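The lines below spell out each chain.
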Amino acid sequence: MAITANLELDNGLALTDCYIIIPTVYVRKFTDEDGSNPVFKLIYDAMIYKDATKRVGSLIQNRISCKTIDHFKIDYDTSASDNPFVLAYTHLKTNGNLSNVADA
């Protein structure tokens, strides 16, 4: 899975047709200090590249950093029927710094 999108970077520059992937997704249980009130979070990182060819080899120098896109921790419903990757991509597509979002 991957998406392409126009992206506004933290420094104000804009990129068009960036290639964005989510390589890993995990769910973690958080509780209060006394062990009560469990809350589940879906946590994922997004990797941004100028285009799909720059992603080949996953070289770190080809990655683009953007604090508003790089890392997320969102609420997770344990009764969700969707794959966590699908939920992560669905959440990422709603990010306000992305426009013209499409599946790659």
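Scroll up to find the structure this text is about.
The text that follows walks through the structure, step by step, so that each part is easy to find. (Residues numbered from 1 in each chain as written. Predicted model: local features only at pLDDT ≥ 70, side-chain atom pairs only at ≥ 80, totals over all residues. Heavy atoms only, no water.)

Looking only at helices and strands, one finds three helices and eight strands in the protein chain. On the principal axes, the C-alpha backbone points of the protein chain span a range of 45 × 30 × 25 Å. Within the protein chain, buried positions represent 30% of all 104 residues. For the protein chain, long-range pairs separated by at least 24 residues make up 58% of all intrachain contacts whose partners lie at least 6 apart in sequence. (Helix = DSSP H or I, 4+ residues; strand = E, 2+ residues; numbered from the N terminus. Buried < 20%, exposed > 50% of the residue type's maximum accessible area, 1.4 Å probe, protein only. Contact = heavy atoms within 4.5 Å.)

This part is about the sheet that holds strand S6 (residues 63–64). With antiparallel pairing, five strands are arranged side by side in an open sheet as S6-S5-S2-S1-S8. Each edge of the open sheet carries a strand with a single partner, namely S6 and strand S8 (98–103). Pairing of strand S5 (residues 47–49) with S6 involves two bridges; the strand directions are antiparallel. Its bridge partner being in S6, Ile48 is matched across the sheet by Ile64. (Pairing = 2+ DSSP bridges.)

Let us look at the nonpolar core. Counting residues in hydrophobic clusters, the biggest one holds 26 residues, and the most contacted among them are Leu7, Ile20, Tyr44, Ile48, Ile69, Leu92 and Leu98. Among the elements that line this core, the one with the most residues is strand S2 (residues 14–21), at four residues. Those residues in contact with Leu98, other than ones at most four positions away along the chain, are Ile3, Ala5, Asn6, Leu7, Ile20, Ile69 and Leu92. (Core = buried A, V, L, I, M, F, W, Y, C linked by side-chain atoms within 4.5 Å.)

What follows covers the pattern of salt bridges. Summed over all chains, the structure comprises three salt bridges. Asp75 is paired through a salt bridge with Lys41; the nearest N and O atoms lie 2.5 Å apart. Here the residue Asp75 occupies a position in strand S7 (residues 71–75), and Lys41 occupies one in strand S4 (residues 39–45), the gap between them amounting to 34 residues. Note that Asp51 and Lys50 form a salt bridge whose closest N and O atoms lie 3.9 Å from each other. Residue Asp51 is classed as partly exposed on the basis of its relative accessible area, which comes to 24%. (Salt bridge = Lys/Arg side-chain N within 4 Å of Asp/Glu carboxyl O.)

Once that is clear, we can look at the sheet that holds S4. With antiparallel pairing, the three strands of this open sheet are ordered in space as S3-S4-S7. Single-partner strands in this sheet number two, and they are strand S3 (25–30) and S7. Across this sheet, the average inter-strand angle for adjacent strands is 25°, counted without regard to direction. In this sheet, S7 lies alongside S4 in antiparallel orientation, the contact comprising five bridges. Looking at S7, one finds that Lys41 is bridged to Asp75. (Axes fitted to C-alpha atoms, helices over the stretch in contact; angles between N-to-C directions.)

As a further point, take the pairing of S2. Two faces, one strand: in a regular strand the side chains alternate between the faces of the sheet. Pairing geometry for strand S1 (residues 3–8) and S2, over five bridges, is antiparallel. Looking across to S2, one finds that Ala5 is bridged to Cys18. In this antiparallel pair of consecutive strands, S1 and S2, the connection spans five residues, and Gly12 shows a positive phi of 95°.

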